Each structure stands twice: as structure tokens, then as C-alpha cells.
Amino acid sequence: MIRLKIKDHNELFHEQEYLEQFERKREFEKPCSADEIEKVLEWTKTEEYKEKNFARQALTINPAKACQPLGAVLCASGFQNTLPFVHGSQGCVAYFRSHLSRHFKEPVAAVSTSMTEDAAVFGGLNNMIEGLENAYALYKPEMIAVSTTCMAEVIGDDLNAFIKKAREQGAIPSELPVPFAHTPSFVGSHITGYDNMLKGILSYLTAGAKKRPNGKINIIPGFDTYTGNIREIKRLLNLMNVLYTVLADISDVMDSPNTGEYRLYPGGTPLDEAVDSINATATVAIQRYSTVKTGEFIKEVWGQEFIALPMPIGISNTDRFLETISKITGRVIPQEIEDERGRAVDAMIDSHPYVHGKKFALVGDPDLLLGLISFLMEMGGMPVHIVCTNGDKNFEGEAYALLSKSPFGREGKVYIGKDMWHLRSLLFTEPVDFLIGNSYAKFLWRDTGTPLIRIGFPLFDRHHLHRYPIIGYQGAINLVNWIVNTILDEMDRKTINTTSFDVIR
Amino acid sequence: MSTAIKKTQKLIEEVLESYPEKTRKERSKHLAANDPTGECGSSCHVKSNVKSRPGVMTIRGCAYAGSKGVVWGPVKDVVHISHGPVGCGQYSWWSRRNYYNGITGIDSFGTMHITSDFQEKDIVFGGDKKLEQLCREIKELFPLAKGITIQSECPIGLIGDDIESVARKMTKELGIPVIPVRCEGFRGVSQSLGHHIANDSIRDHVLGKGEMEKSTPYDVNLIGDYNIGGDAWASRKILEEMGLRVIAQWSGDATLNELSIANKARLNLIHCYRSMNYICRYMEEAYGIPWVEYNFFGPTKIYESIRKIASYFDDYIKEKAEKMIAKYKPMMDRVIEEYRPRLEGKTVMLYVGGLRPRHVIGAYEDLGMEVIATGYEFGHNDDYKRTYPELKEGALIYDDATPYELEEFTKRMKPDLVGSGIKEKYAYHKMGVPFRQMHSWDYSGPYHGFDGFPVFARDMDMTVNNPTWNLIRRRKI
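Given the structure is predicted, the values throughout are model-derived calculations rather than measurements.

Here we look at the overall build of chain B
1) Next: The number of helices and strands found in chain B is 20 helices and 14 strands.
2) Next: In terms of overall size, chain B behaves like a compact globule, its C-alpha atoms giving a radius of gyration of 23 Å where 477 residues would be expected to give roughly 23 Å.
3) Next: Counting only C-alpha atoms and orienting by the principal axes, one finds that chain B spans roughly 65 × 60 × 45 Å.
4) Next: For chain B, the proportion of its 477 residues judged to be buried stands at 69%.
5) Next: As displayed, chain B has an accessible area near 15800 Å², and 51% of this comes from carbon and sulfur atoms.
6) Next: A gap of 3 Å separates the mean positions of the 66 positive and 64 negative side-chain charges of chain B.

Shown next as C-alpha cells:
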């Protein structure tokens, strides 16, 4: 075994010789004085700063949203043997792949048409044709799902015409499905891109595929980065003996087994099932804000029942999900699931004293927030600051309606279009006990001391959280676990070396 | 031609077979068997710095990534606006581990995402007015910011915004430099042009504008070190201990002032040649400051580099340099004694950017490991020229390699360790090949200097010799 003590960055730079080095470096830095820094630091915690912060019109600081094509890539990857293909600048695709890999700890495949200056002038037709030809030859996909970066959108490239041209020129076989979606990053967010891509894929695949009803239901998870959620939905539906198709099923793609080989397409919704989705009895989306256009399409073009539910986060949302499934399929909810419900409720009752009356700040995507608000209120927790950078007026209305249903929601205030720098001010001027958000929100913990419970996307700095469901009754137990044990950790930290440092909680 | 070269050439041919003909022809120019002697001629040289093929997965990024992500981003007391839609800034937020001292959001802004979050109306009507307003809001909310840079995303150049004029106006109005950077992602073929554009914008707007009270004969700049995991600090420690005075760090943990006084140095020391040779060449022409490349990875190269740097100075520095080497050598020998037996004879494949594809070769060799293949995401001819002599005959060299090529070469060459980036990491985990991220040091570091080498050795050992790799059960076919 190794006998050397090795110091890395965690220890090295606290050592005296480095502290002295940093001090010497200041001579050249022309730094602000300690007084100035202290003054501004304290000022940023004030009501006055908050007002200035909320008055800004043009500046966005630490937003909790990404751009459309990221959602499109995630959606496309959820179909079997499908290559996400992004028309535009190549750097974007490098970013999407890195971003998703950092969250899932999985390889993410996607290609770009690598447009450069000449394409900016002449359009990206040649890039599209050569790109499709290469991608098809090299990666042998059964489907290529095309989305766009803002470059292609600004110059106005016509995907439909370009793909048609590529077929005419024989770059790809005429029968290869190449659905597409325009996904401008200056409209909406990653959830919009997911919606657009899903609509694009479904409209392409199901055109002319209307036959007799197949007796199945479709499930749309939405922009959901918990692979555990999709596995949980499938488990519940299997227990109910429901026939179903999960559309854009990323669970095996973003959580694939290690078998000593790298597979480009490790899973996803089989394409024949996706084609047949038009013949289902109904489609149930378990997110509303990432499925708006897809839902309209299903209702209007397919003429199929489309039910958009709140994410089944917490007891009542899960009840509603299962009851809805039961109603549309005629299947009963088995005792096994009923027992799970009982265990989840039991866990929530056991832990309620630590959550009751605690104030929470939340930041994330609209559907996730609605689910978490509902869950917290079920346990007597109080959602206070709800920040949704990519939330719209509908979300705002729905969130307030939800808050008004419970006395625990009375202090809740919803901030749409605001960012985490706004939240920083709120955490100083109206402090809360706990914060729920993604990994980036850790700066809020650092600055304000509000303990962070990591729920959302992206989760970069903790491992494996996304493998656990946060939906269904099992998901409720996971949420209780994370929330109450963060609360207890914090309690221990605060009472260390006092008489309150109890061994039984 | 030697058998080693022929063998590698055959390997390249095999791997290229899957490509459509046009792409095969194109890609074949980017793959070569190494000939350190140069006798093999152009058939052993790779073509580089040209466009990636559409539809072929490339690992490359864009000019914005090269400017905001690499060169400008680490300058800590300046607010960098990701100007355009929200994504670029989101994906490059807090991810490169350019460590800095300072209070984030108060006097330092490195790990923040500040953006104009373009909406459709900004695309249609232009974003200049919004940009003006945004600069005012930055000044108001971050009064200690020493400047503002405008990092252009793709739409800016396409919709014809005049950020230069906004920058001039705002510089005057706000009393701090507001610096336009034309690093739109579609410019050039990779990150590389972004580095160049960022260098030029520092040259035009910052360099030479600062004052330094006193100069000494030992003033140097530490250039091309982004302080990933504290690399620049570990390097600075060496330079200071050998008696030099580092007046500016480019750009890890840098302040605007450091960049502005760099023209007062006597010598530029450059680590990442690719991303910052431009500013060194400029300072040489404009101020007569010589520059020297060095390598602080692994003791062999560190000793060599220390002596090379010292050779530019008087006996006082030369003596201190020798003393320092004598002081640290036992510690380095101890690290090698500990780790070398565990790593001896292991082979390594690298695929990285900047300087690492060649600079880390010596550090691996210090541990008894051999780099059998290497290549650059965005290197130029001058990078490859510096690389050929560092590798054995027949080593494989790839430029702008695709994941497909890397995977196929890995299967055939069976390296014991692969060093590349986050996009490659998990594919290698699935393949059961020990892997280290050699951009971010896999959240470890520093790897530079005497303090970095023990960490490097520890990390390579922990990954090559970890028992988890043995748990993999291959799928039965």
C-alpha cells in the first residue's frame, strides 16, 4: 500500500507558504481594499440591494434554465437507435454532450453539422447533406432526429427542404426517418426544445400509421433527468398490468449497464412502438410545461385523449396519477401499490416533526416545482420563495392556486422569469430554513448559509441521485429521506458541543 | 520505413474503412504514425486546424469556448457577459475549475453565469440597447468589478449588432473598460480561433495600460496557465522560489491589472503555447520581451524547464534554481519510488487540447509509463512539430479525432490508461478502460510543479490499479 501522504488542492492551498504567496501576489492585482469588499458584501444583503436587484431589466445572473436544443437532444436520445443531430455551430453540441454527461455520468452521443463562416453566408445546406451522409454511414442509426442551434435559426435554414434535398441526392436512404424540429435557443428553454423535438418525432413517425386501437396507453415523462423516475413509472404500470409505451424513454440510455463494451444506442423507445403510439387509447404526460405542443398535436392531429398530469411527486399527485391510469385502462391499483402508499405515508408521519413549519426556498423547472410544493405542503413544510426562471404566466397562476389550497402555502411567493441572483437577495432579506435546487444553487448555500437539498437538474456535484425516483410512493420516501436527513444533519451541525446534540431524533 | 511505422499505418487503414470515401480521404490526412527523426516526411505528419466534417462526431468546441471558457473567463475581477441566448453561458458555467482567490459576486466573478439571455425580440430588433442597459446594471449591482467583457455568441455577428460602439460608449459612461470580444461560435474551426481573438482583445484594450511602481531584473509573466485545480499557484511557487518575481498570471487567478502591466516583464514564460503564443509574439515585437516555453509536468521536465528559464538570468537565479532542484529532488524521487513499481510498463492513450497531448508525456515517463498515442482537439502544425520528437517511432498521432476512431484504436492498441475529456470519459468506463479526465484533472489537481506531480502520480495509480475494473462481467454474445 501507498505510504506517502499526498496533499491535493483540498489541503495544499491552505498551507502557510501558499497563503504567503497569495499575499505577495496582491501587489500586482490592484485589489479592492478589505473595507470596500466588506462594505459591498454587507450591502448586497440589504433590502436596498434587493430592490436594485429586482429592478434590473436587461441583466440575467445565474439563471436556472438551459436552451432548447439541449432538451431536443435529450428527447431524441430516448428513442431506440436514434442519433440526435443538431444543425448549426459545433460548439453547442460539445456543450450539450458535456452538460448531460456531467449529470448522468454516462456517454452522450450527438452530432453537429459544424457550420462555420461560409455557412453563415451561404446557408447550411451543404453541411446538412454531408452531415446526414456521414452520420448515417458512420453511426448506422435507424432514425436521425434533427434539431437546430441559434445560428441555423438566425440565418433561417429550412430543415424540411434541406432534408428533402439530402434524400434526393442520395445522402441518406429515402426510407430513413429523419424527423426534425426548429429549436431556437432564444425562445423558451430546454423544456420547450424537448416539447418541439417530441412533437417533431411523433408527427413524423406516426404520419399515416393510424390503424385499429392497440389497447395501450402512452406515457410521456417530459424533460425529466431522473432515470429512476422512468423506471418507477414502468414498475408501477407493470404492477397494474397496464400495456404502455413510454415515449422518449431515456432510462436505459442515460443509465446503461457496464458490460465492458460501449454501445452507441443502449436503449430507448423502440421505433415500431413509437409509430404505433398513434393507436393508443390515450396519452398521459406527467409533465405539463414540457409537453404543451406535443399535447395539442396529439389531441388535434391524432384525435387521441391527452391527459397532462402534475408530476406524481408526493402522495396526492401519485394518487391522482394511479387513479387516472386506472380509470383510462380499467385496471385496478393492486394491494402491493396500496401498501407502498401506506409505507410512504408512514415515513412522512414519522418525520413530520422536523419538517412541520420549516420554510423552504425552491428553484427549478415548472413541473418539478409544482410537484415539490405539493409534497412539502403535505408534510407541513412551507414553500416560501419559488423561483422559476423558465416559468410562464400559466405556471405562476397554477402555482398560486396550489399554494392557496393549504395553510402551509400562505407565505408562498412565485417568481417567474427570475434567476438565482434574485433568490440570493430573497434569502438574505427574508431568510428561510432550507433551499431546494440543482448543483449550481450551492453558491446560494455558500453565500447565505441556507442548507441545500439537491433536487433538480443538473446535479453535477453529487453522485447517483438521478438514479433514485422522486415520483410515486417510493419517490416520496426518497424525498423524505433527503429532506429530513439534511434537516437532521444541519441540526447536528448547529448543536455540536451543546446538550441538544442528541443521539436519538 | 520502419516496421513500427508500417504497423501503425496499417492500423489506421483498418480503422478508416468504415467511413464514406470522401470522409475517409479527408480523415486519413489527420492520422499518422510517428517518426521522431523526420525522415519519413509528410506521410508521417498530420494535417490540422481545418474544419471538422459535418455529421462526424467531433469533440471540438467553438470560438466562444476558447475566449470565454479559456482565455478571458479566468480573469477574476471582470464581469464576462455571455452575450446572446442563455445556453452557452449555462453550459460553460463554473465548469473549468480555474481557481481564484476572492469573494464571488463581490470583487470576483469567475464562477458566475452572466448573460443577456437573448429573446426573439432581441434577434429581430438587435441587442445593442439591451447591452447598454445591461452594462449599467452590472456597474450598479457589482460596483467593484474592474471591467466588463462582451463575449459574443453566434447570433451577435449574424444580426449585425455593433457591440464595439456600445463598448466604447459604456467605457466612457461607466469609467471602467468595457471590452468587445468577437468570439461568435461559428468563427473558425474550433476553440483555437477564440483563443486568438481573446488574445487580440486583451492586446487592444488592456495590455500596456497599467502602471507598476518598480521593476526588477527578475520580473516575469506566467502565461498560458489557467490555474486548473491550482496549477498556476503550484507553478508560481517554483518561479518565486528560484528568485523570480511573477508580475502577471495569464489568466488563471488573474486580475485586469496584471494583464495591463505584463508589458513590464523581462521574460514571458509560456506553458500553454497554443492558447497564448499570440500575446507573447506581440510582446516580443512591441516591447522586445523574449518568451520561452516550459513544461512543469513531472520532475524530468520540471528540472529541465527550471534550468532553461534560469539560463535567461544571472548567476544569482541559476544558483537558486540548482538549490531548489536539489531540495525537491529527494521528494520527487520518493514519489517515483512509491508509484513507479505500480505503473511501470503501462501504456497510455491521450486525446486532449492545448498543451497536454505533448506536455504530460514526460510525467508519464517519470512513472515508467509509455504514451503510445496522442493528439489534439484543436492543435496547429506547430503543436504537432513540437510533439513528434517527444514520442517513440510508430506511436499513433490523431488530429480532431472522433469518438469512433478513438474507440477503434483503443480496441486494437489496448492501452492501460486513456486520458481525455468528459465527453469521452463514460464511454471508456463502459469499455472497462481506466480513464482520467485530462482537462479538468477529474476534479483533482494541481498537476503542475513539485506540488502537482505527487497528485498526478496518485491519481494515475488509483485509476489504473483500482479493483472496480475487475468487477465488469462482459456481455455474453
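Having put the structure on the table, let's press on.
Observations regarding the packing of helix α6 (residues 128–141) of chain B against helix α8 (residues 163–174) of chain B
Residues and elements named next belong to chain B.
1) Next: Between α6 and α8, whose axes approach to 10 Å, the crossing angle comes to 30°. If you check the angle between α6 and α8, you find them roughly parallel. Where α6 crosses over α8, the handedness of that crossing is right-handed. On the side of α6, the interface is formed by Asp128, Leu131, Glu132, Cys135, Arg136 and Lys139, while α8 contributes Ile163, Val166, Lys169, Met170, Glu173 and Leu174.
2) Next: Within the contact of α6 with α8, the residues separate by chemical class into 6 nonpolar, no polar and 6 charged.

A closer look at the interface of chain B and chain A
1) Next: Between chain B and chain A, the residue contacts involve 119 residues of the former and 103 residues of the latter.
2) Next: Together, the buried faces of chain B and chain A total about 9500 Å²; carbon and sulfur atoms form 61% of this surface.
3) Next: Sorting the residues of chain B by area buried against chain A places Met57, Tyr91 and Lys430 of chain B first, and these three jointly supply 10% of that buried surface.
4) Next: Inspection of the region where chain B meets chain A yields 14 salt bridges.
5) Next: Note that Arg53 of chain B is salt-bridged to Glu130 of chain A, the shortest N-O span being 2.9 Å.
6) Next: The tally of links between chain B and chain A comes to 44 residue pairs in polar contact (both at pLDDT 80 or more).
7) Next: Sheet topology places strand β1 (residues 60–61) of chain A next to strand β3 (residues 114–115) of chain B; 2 bridges connect them, and they run antiparallel.

Looking at the pattern of salt bridges
Here the idea is simple: oppositely charged side chains can pair when their charged atoms come close.
1) Next: Under the defined criterion, the tally for this structure stands at 79 salt bridges over all chains.
2) Next: Linking Asp461 of chain A and Arg454 of chain A is a salt bridge whose minimum nitrogen-to-oxygen distance equals 2.7 Å.
3) Next: Judged by its relative accessible area of 12%, Arg454 of chain A falls in the buried class.
4) Next: For Asp400 of chain B, the salt bridge is made with Arg60 of chain B, and the minimal N-O distance between the two is 3.6 Å. On the criterion of sequence distance, the pair formed by Asp400 of chain B in the loop between β12 (396–399) and α18 (403–413) and Arg60 of chain B in the loop between β1 (31–33) and α3 (63–72) is long-range, its members being 340 residues apart. Here the two residues Asp400 of chain B and Arg60 of chain B agree in accessibility, since each one is buried.
5) Next: Through salt bridges that share partners, Asp8 of chain A together with Lys425, Arg436, Asp442, Arg458 and Asp459 of chain B make up one connected network.

Observations regarding unusual backbone geometry
Glycine aside, residues mostly have negative phi angles, and peptide bonds mostly take the trans form.
1) Next: A cis amide bond links Phe457 of chain A with the next residue in sequence, Pro458 of chain A, at an omega value of -5°.
2) Next: Inspection of the secondary structure puts Pro458 of chain A in the loop between β13 (452–454) and α21 (472–495).
3) Next: The omega torsion across Trp250 of chain B and Ser251 of chain B is -10°, close enough to zero to call that bond cis.
4) Next: Within the secondary structure, Ser251 of chain B is located in strand β7 (residues 245–251).
5) Next: Within the chain, Lys105 of chain A stands out as a residue other than glycine whose phi angle is a positive 55°.
6) Next: Along the chain, the position of Lys105 of chain A falls in the loop between α6 (90–104) and β3 (111–112).
7) Next: Owing to a relative accessible area of 14%, Lys105 of chain A belongs among the buried residues under this scheme.

Concerning the confidence of the model for chain B
1) Next: Confidence in the prediction of chain B, expressed as mean pLDDT, is 97, and 100% of residues score 70 or more.
2) Next: For this predicted complex, the interface confidence reaches an ipTM of 0.98, while the overall pTM sits at 0.98.

A closer look at the state of the cysteines
1) Next: Evaluated as defined, the whole model comprises 1 disulfide over all chains.
2) Next: A sulfur-sulfur separation of 2.0 Å characterises the disulfide bridge that pairs Cys40 of chain B with Cys44 of chain B. Residues Cys40 of chain B and Cys44 of chain B share a disulfide whose torsion about the S-S bond is about 80°; that sign makes it right-handed.
3) Next: A relative accessible area of 18% means that Cys40 of chain B is categorised as buried.
4) Next: Considering cysteine sulfurs only, Cys88 of chain B is the nearest to Cys67 of chain A, which forms no disulfide, with 6.7 Å between them.
5) Next: Cys67 of chain A sits in the buried class, given a relative accessible area of 5%.
6) Next: The structure places no disulfide on Cys280 of chain B, whose sulfur is separated from the nearest cysteine sulfur, that of Cys272 of chain B, by 10 Å.
7) Next: Accessibility expressed as a relative area gives 0% for Cys280 of chain B, which makes it buried.

Cut-offs applied
- Residues numbered from 1 in each chain as written.
- Chains lettered and ligands numbered in written order.
- Predicted model: local features only at pLDDT ≥ 70, side-chain atom pairs only at ≥ 80, totals over all residues.
- Heavy atoms only, no water.
- Helix = DSSP H or I, 4+ residues; strand = E, 2+ residues; numbered from the N terminus.
- Rg over C-alpha atoms; globule rule 2.2 N^0.38 Å.
- Buried < 20%, exposed > 50% of the residue type's maximum accessible area, 1.4 Å probe, protein only.
- Areas by Shrake-Rupley, 256 points an atom, 1.4 Å probe, with all protein chains shown as cover.
- Lys, Arg positive; Asp, Glu negative; His and termini not counted.
- Charge placed at Lys NZ, Arg CZ, Asp CG, Glu CD.
- Axes fitted to C-alpha atoms, helices over the stretch in contact; angles between N-to-C directions.
- Parallel < 35°, antiparallel > 145°, perpendicular 65-115°, else oblique.
- Left-handed = near helix turned anticlockwise from the far one by under 90°.
- Contact = heavy atoms within 4.5 Å.
- Nonpolar A, V, L, I, M, F, W, Y, C, P; charged D, E, K, R; others polar.
- Buried area = accessible area lost by both parts, 1.4 Å probe.
- Salt bridge = Lys/Arg side-chain N within 4 Å of Asp/Glu carboxyl O.
- Polar contact = N/O pair within 3.5 Å; in protein donor to acceptor, adjacent residues only side chain to side chain.
- Pairing = 2+ DSSP bridges.
- pLDDT = per-residue confidence, 0-100.
- Disulfide = S-S within 2.5 Å.

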